[in-house]
Amino acid sequence: MPTTTLKQTCYHCGEECAENHLVADDKHFCCDGCQTVYQILNQNNLCNYYTLDQVAPGISGKQKVAPEKFAYLDNPDIAQKLVRFSDANQTHITLHIPHIHCSSCVWLLENLHRIEVGVLDSEVNFPKKEIKIIFDPQKTNLRRIADLLAAIGYEPHISLSDIAEQQNKTTNRSHLYKIGIAGFAFANIMLLSLPEYLSWGNLADTPQLAKIFSTLNLLLALPVFFYSASEFFVAAYQSIRYRYLNIDAPIALAILVTFGRSLYEIITQTGAGYMDSMTGIVFFMLIGRYFQRKTYDSLSFERDYKSYFPVAVTVKRPSSEIQVPVTQLKVGDKIILHNNELVPADALLYKGIGQIDYSFVTGEAVIIEKKAGELIYAGGKHTGSIIELEVVKEVSQSYLTQLWNNPNLSHNTQQHQAEQTFVEQINRYFTLSIFSIAALSTAYWLSMGNPHRAIAALTAVLIIACPCALLLSATFTYGNMLRWLGRNKFYVKNNAIIEKLAGINTIVFDKTGTITQANAAQIIYTGVEPNATEQQKIETLAAQSTHPLSRQIVQYLQQKNNKNTAKASKFVVQNYEEILGKGLKANIEGDTIYLGSAQFMPTQSNIEANTNGTHVFVAINNEVLGYYSIANQYRHGLSTLIANLKPQYPLYLLSGDKDTEKTNLQTLFGTNTPLLFNQKPDEKLQFIAQLQQQGKQVLMLGDGLNDAGALLQSDVGIAVSDNINNFSPACDAILDGQHFDRLGQFIRFARSGRTIIRGSFAISVLYNIVGLSFAVQGTLQPVIAAILMPLSSISIVLFTTLASTWAAKRLDLG
């Protein structure tokens, strides 16, 4: 391979090349590793990687990876522990990549499919430095992917324990060491500087003593400058290298200027320097960041792991079947899944035939049949008759949250990306503004012949400016609001949904299972009375479904026959089918049982239905026996809720039922509220779309089953849940049915978030105006500025947290 002796920088990583370095395609490389990565990218037409930031974005390839380093991933038992999901066509894994540092890294890693043919998709989580990879197990494997990542400079950090937890502990320890060293140096430099302070800067009578003190101060300051302040310099260097200015850039410059000025004065013995200010800047900035991180981590931890969806699953005990929150499932628990219920944890199927829809995980609506003994992954949705499983891995609540926030199943992705871009742009312009103010104030004082004040103004301006309102306000306000809403059994998908909830101006209600109570209704049967065996078959059919009407019929038949779920007869269910908005049917012990609307029955019914309540007809084989008349009981507080909402928002009601309860509903909603009946699922969706075309911001409340399309179409879709496992990716939030009457309070709480963010912004603007007015005068000591800057950040965190907490308590959410 040709070499050259000219001084060059590496085309791939940007490091300086040795005198004898590698050259390929007229491009210079510092090592064989960088050249190899370039060749891989060039062969796969991925050299756009080098043009995204107009500088060398790669990771140095000088550190070689042992050829057999990832050989252990060939062991299926080990590889399985890293797999989130796997079937014949795709396997999902998430790996931690410590070297991700810029947009070029993200671009390259999200184009892995162009390098490795078996990779189907890859998505980078930049803040967590993680990559989610979906690959075809028939074309590649986990080891080949790990080797590929290492070969292109992004070696994965693989640990079978909780990687994130280990990293947090290491990061926290390192940060505490830096704080300890900076604090020790700052305190001792302050002590050694006392003679200088007391003599008002004049130690001319004792030059030897002044020299000793200055030298000791310099020695104490060195580890602070090179170790404790390193994170500011690294972050600033990376931002400048990739043509992007972050808030660390002015801080790093202030530390550098203060240290350089102090070093000059100490060496030339023209002054005592500002080592106390430099170490104080670093010490107080590190303390401020420590508290910011602790506060943020505590909010994030509570959101990701301690909050839980109001989703319960039926657990089979020796003498009964009980509903247990998914967060309380343990390995070995036997669980029962009905039609349209979510698989909450990895489990083995041991009874029944599973019809699993993994579209929640893969985005592909393909039904996969599972038989006894096969593994079913968390996140799949069962779409057949009842099955029984044994849990083999505890529920990962963070994984369910990740699935819920899958951008492929969300209508808020573009808005969320736009908000992030807006914050990044504001941050960039803010930093440029700070540099401009610092330069102008320094130039002014230099022109006035006062270099000491110029240095003081420069460092104070660079340090005191704080964009905390722009960067922290929304994060901490909405983070705390998510926590309060969760405590009140209202579970919101993410921060963006709170913002959208605050902006809604139209509310649409579903009827059955939303404004009605699923477990409370008056049921009267009319028609030919089924015998005991037929009633058990009807109950068995109804038990397969999670629809509110089916559950009410099951409860009615159990009470009628003095049975509970533990004693209920278990028939074999075959060819089960549930058609949304129409009904159920299945073959049970030689009979075909139908439950549903009159139109769903196999033959036309001669039985005249009365006009009261909702009717569910029943047929066995080709004979319609009769119908169950269900008089719904409305949720507690519904009339009060509607009375509170109606003056503020246009209200609508959509129902798939007939208008048998129209009179009762008009009493509740008023005669001027549009009530639409006989609405099919697609008609509900179209109605929401029509409202949006009129400029409406629509909030839709449904039960998450028949309303999935309408919930997804609406600006904010809320699924009302009565402790059942009907968790759906279509909804933006889940509301526990027992707290349905508090919907108005939740909306007002969301609207208060905007006011809090505006207030924190005003506080930050006022702080920056006052702080900079003193800083440009050169009268503000740099160490004081270093104290004020993190204090301002902490004050914003406290303000947003306390204000959102006060708003919650004011609305009786506390």
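In what follows, the structure referred to is the one given above.
This structure is a prediction, so every number in the text was calculated from the model and none was measured.

Q: Before we go on, may I ask you to explain the overall build of the chain in this structure?
A: A tally of regular secondary structure across the chain gives 24 helices and 30 strands. Total accessible area computed for the chain in this model is approximately 36,800 Å², and 54% of it derives from carbon and sulfur atoms.

Q: Even after reading the chapter, I still don't get the pairing of strand 5 (residues 91-96), so can you show me in this structure?
A: Within a regular strand, the side chains alternate between the two sheet faces. Burial analysis of strand 5 places five of its six residues in the buried class, the great majority of the element. Bridge analysis of strand 4 (residues 83-86) against strand 5 gives three bridges, and the strand direction is antiparallel. Each residue of the ladder has a partner; that of Phe85, found in strand 5, is His92. Where strand 4 folds back on strand 5, the antiparallel hairpin that results is connected by four residues. One ladder, built from six bridges, connects strand 5 with strand 7 (residues 130-135); its direction is antiparallel. Residue pairing across strands places Leu95 opposite Ile131, the latter belonging to strand 7.

Q: Just checking my understanding: could you explain the packing of helix 7 (residues 207-228) against helix 9 (residues 248-268) for this structure?
A: For any two helices packed against each other, one specifies the inter-axial angle together with the distance between the axes. The N-to-C vectors of helix 7 and helix 9 enclose an angle of 155 degrees; their axes lie 11 Å apart at closest approach. Between helix 7 and helix 9, the angle is such that the two are roughly antiparallel. Like other packed secondary-structure pairs, helix 7 and helix 9 cross with a definite hand, here left-handed. On the side of helix 7, the interface is formed by Ser214, Leu218, Leu222 and Phe225, while helix 9 contributes Ile255, Leu256, Phe259, Leu263 and Ile266. Here the contact of helix 7 with helix 9 is built from residues that sort into eight nonpolar, one polar and no charged.

Q: What exactly am I supposed to notice about the packing of helix 17 (residues 532-543) against helix 18 (residues 548-560) here?
A: Close contact between helix 17 and helix 18 brings their axes to 8 Å; oriented N to C, the two are set at 145 degrees. Helix 17 and helix 18 meet at a crossing whose hand is left-handed. On helix 18, the residues that touch Gln535, Ile538, Glu539, Ala542 and Ala543 of helix 17 are Ser550, Ile553, Val554, Leu557, Gln558 and Lys560. Partitioned by chemical class, the residues of the contact of helix 17 with helix 18 number six nonpolar, three polar and two charged.

Q: Help me understand the pattern of salt bridges in this model?
A: Close approach of charged atoms lets side chains of opposite charge pair. Under the criterion given, the structure shown has 14 salt bridges. As a salt-bridge pair, Lys178 and Glu231 come within 3.7 Å of each other at their nearest N and O atoms. Placement of the pair is Lys178 in helix 5 (residues 163-192) and Glu231 in helix 8 (residues 230-241), with a sequence separation of 53 residues. Take Lys178 and Glu231: they sit in the same class, and that class is buried.

Q: Please clarify how the sheet that holds strand 16 (residues 381-382) should be interpreted in this entry.
A: Hydrogen bonding along the main chain pairs the strands of a sheet, whether they run parallel or antiparallel. Here we have four strands laid out as an open sheet, ordered 11-16-13-14, and antiparallel in their pairing. The open sheet has two edge strands, strand 11 (341-342) and strand 14 (367-370), and neither has a second partner.

Q: Which parts of the structure should I look at to understand the sheet that holds strand 6 (residues 119-125)?
A: Pairing is antiparallel across the open sheet formed by four strands, whose spatial order is 4-5-7-6. Edge strands, defined here as strands with exactly one partner in the open sheet, are strand 4 and strand 6. On average, each strand axis in the sheet is inclined to that of its neighbour by 15 degrees, with strand direction left out of account. The sheet contacts of helix 4 (residues 142-151) involve strand 5, strand 6 and strand 7, and relative to strand 7 the element is tilted by about 135 degrees.

Q: Help me understand unusual backbone geometry in this model?
A: Both trends apply: most residues other than glycine have a negative phi, and most peptide bonds are in trans. One non-glycine residue with positive phi stands out, namely Lys489, at about 65 degrees. The phi torsion at Asn678 lies on the positive side, around 55 degrees, for a residue other than glycine.

Q: I'm lost on helix 18 in this one. Help?
A: Given 3.6 residues per turn, any residue in an α-helix points the same way as the ones three and four places further on. Over its 13 residues, helix 18 extends 18 Å from the first C-alpha to the last, a length consistent with the 18 Å expected when each residue adds 1.5 Å. Across the 13 residues that make up helix 18, a large majority, ten, are buried. Of the positions making up helix 18, those classed as buried are Pro548, Leu549, Ser550, Arg551, Gln552, Ile553, Val554, Tyr556, Leu557 and Gln558.

Q: Could you clarify how one ought to interpret the side chain of Asn339 in this entry?
A: Among the structural elements, Asn339 can be located in the loop between strand 10 (334-337) and strand 11. At 3.4 Å, the side chain of Asn339 forms a polar contact with the backbone nitrogen of Gly384. Polar side-chain contacts of Asn339 include one of 2.2 Å to the side chain of Glu578. Here Asn339 is in contact with His382, Thr383, Gly384, Gln544, Ser545, Thr546, Tyr576 and Glu578, once residues within four sequence places are set aside.

Q: Can you walk me through the packing of aromatic side chains in this structure?
A: Each aromatic ring pair is characterised by the separation of its centres together with the angle its planes make. Taken as a whole, this structure holds 14 aromatic pairs when the rule is applied. Here the aromatic rings of Tyr594 and Phe600 are separated by 6.2 Å at their centres, their planes lie at 65 degrees, and the arrangement is edge-to-face. Comparing Tyr594 with Phe600 shows no difference in burial state: the two are buried. Put simply, the rings of Phe225, Phe226, Phe233 and Phe259 pair up and form one aromatic cluster. Geometry around Tyr350 places Lys334 over its ring, the cationic atom sitting 6.0 Å from the centre. The residue whose ring lies beneath Arg635 is Phe740, and the NZ or CZ to ring-centre distance is 5.8 Å.

Q: When you look at a nonpolar patch on the surface in this model, what are you seeing that I'm missing?
A: Judged by side-chain polarity, Tyr177, Ile181 and Tyr227 come together as a nonpolar surface patch covering roughly 270 Å² of accessible area. Turning to its location among the elements, Tyr177 is positioned in helix 5.

Q: I'm lost on the environment of Gly332 in this one. Help?
A: Within the secondary structure, Gly332 is located in the loop between strand 9 (321-325) and strand 10. Along the primary structure Gly332 and Ala347 are separated by 15 residues, whereas in three dimensions their C-alpha atoms are 9.0 Å apart. Discounting chain neighbours no more than four positions away, the residues touching Gly332 are Glu390 and Val391.

Q: Is there a simple way to think about the environment of Thr383 in this case?
A: In this fold, Thr383 is placed in the loop between strand 16 and strand 17 (387-391). C-alpha of Thr383 to C-alpha of Ser545: the two residues are 162 residues apart in sequence and 9.4 Å apart in space. In contact with Thr383, other than residues within four places in its own chain, are Asn339, Asn340, Gln355, Asp357 and Ile367.

Q: Can you walk me through the pairing of strand 21 (residues 573-579) in this structure?
A: Summarising the sheet, strand 21 and strand 22 (residues 583-588) pair through five bridges and their orientation is antiparallel. Directly across from Glu578, in strand 22, lies its bridge partner Leu584.

Q: What's the story with the side chain of Thr477 in this structure? I'm lost.
A: One can find Thr477 in helix 15 (residues 468-487). For Thr477, a relative accessible area of 0% gives the class buried. What Thr477 contacts, discounting residues up to four positions off in sequence, is Gly753, Ile756, Ile757, Thr800 and Ser804.

Q: Sorry if this is basic, but what is going on with the environment of Asp74 here?
A: Following the sequence through the fold, Asp74 ends up in the loop between helix 1 (32-43) and helix 2 (76-81). When its relative accessible area of 41% is taken as the criterion, Asp74 is described as partly exposed. When the C-alpha atoms of Asp74 and Asn141 are compared, they prove to be 8.3 Å apart, with 67 residues separating the residues in sequence. At a separation of 2.7 Å, a polar atom in the side chain of Asp74 contacts the side chain of Arg143.

Q: Explain the nonpolar core to me, please; I cannot follow it from the model alone.
A: General note: in soluble globular proteins, nonpolar side chains tend to be found buried as a group. Formed by 48 residues in total, the largest nonpolar core has its most connected members in Leu95, Leu112, Ile131, Ile133, Leu149 and Leu389. By residue number, the principal contributor to this core is helix 4, which donates six residues. Discounting chain neighbours no more than four positions away, the residues touching Leu389 are Asp333, Lys334, Ile335, Leu337, Ala347, Leu348, Leu349, Tyr350 and Ile376. In this structure, Leu482, Tyr649, Phe677 and Leu735 belong to the second largest nonpolar core, which totals 44 residues.

Parameters and conventions
Residues numbered from 1 in each chain as written. Predicted model: local features only at pLDDT ≥ 70, side-chain atom pairs only at ≥ 80, totals over all residues. Heavy atoms only, no water. Helix = DSSP H or I, 4+ residues; strand = E, 2+ residues; numbered from the N terminus. Areas by Shrake-Rupley, 256 points an atom, 1.4 Å probe, with all protein chains shown as cover. Buried < 20%, exposed > 50% of the residue type's maximum accessible area, 1.4 Å probe, protein only. Pairing = 2+ DSSP bridges. Axes fitted to C-alpha atoms, helices over the stretch in contact; angles between N-to-C directions. Parallel < 35°, antiparallel > 145°, perpendicular 65-115°, else oblique. Left-handed = near helix turned anticlockwise from the far one by under 90°. Contact = heavy atoms within 4.5 Å. Nonpolar A, V, L, I, M, F, W, Y, C, P; charged D, E, K, R; others polar. Salt bridge = Lys/Arg side-chain N within 4 Å of Asp/Glu carboxyl O. Expected span 1.5 Å × (residues − 1). Polar contact = N/O pair within 3.5 Å; in protein donor to acceptor, adjacent residues only side chain to side chain. Phe/Tyr/Trp six-rings, centres within 6.5 Å; stacked < 30°, edge-to-face > 60°. Lys NZ or Arg CZ within 6 Å of the ring centre and 35° of its normal. Patch = residues over 30% accessible without salt bridge, like charges linked within 9 Å, V, L, I, M, F, W, Y side chains within 5 Å. Core = buried A, V, L, I, M, F, W, Y, C linked by side-chain atoms within 4.5 Å.

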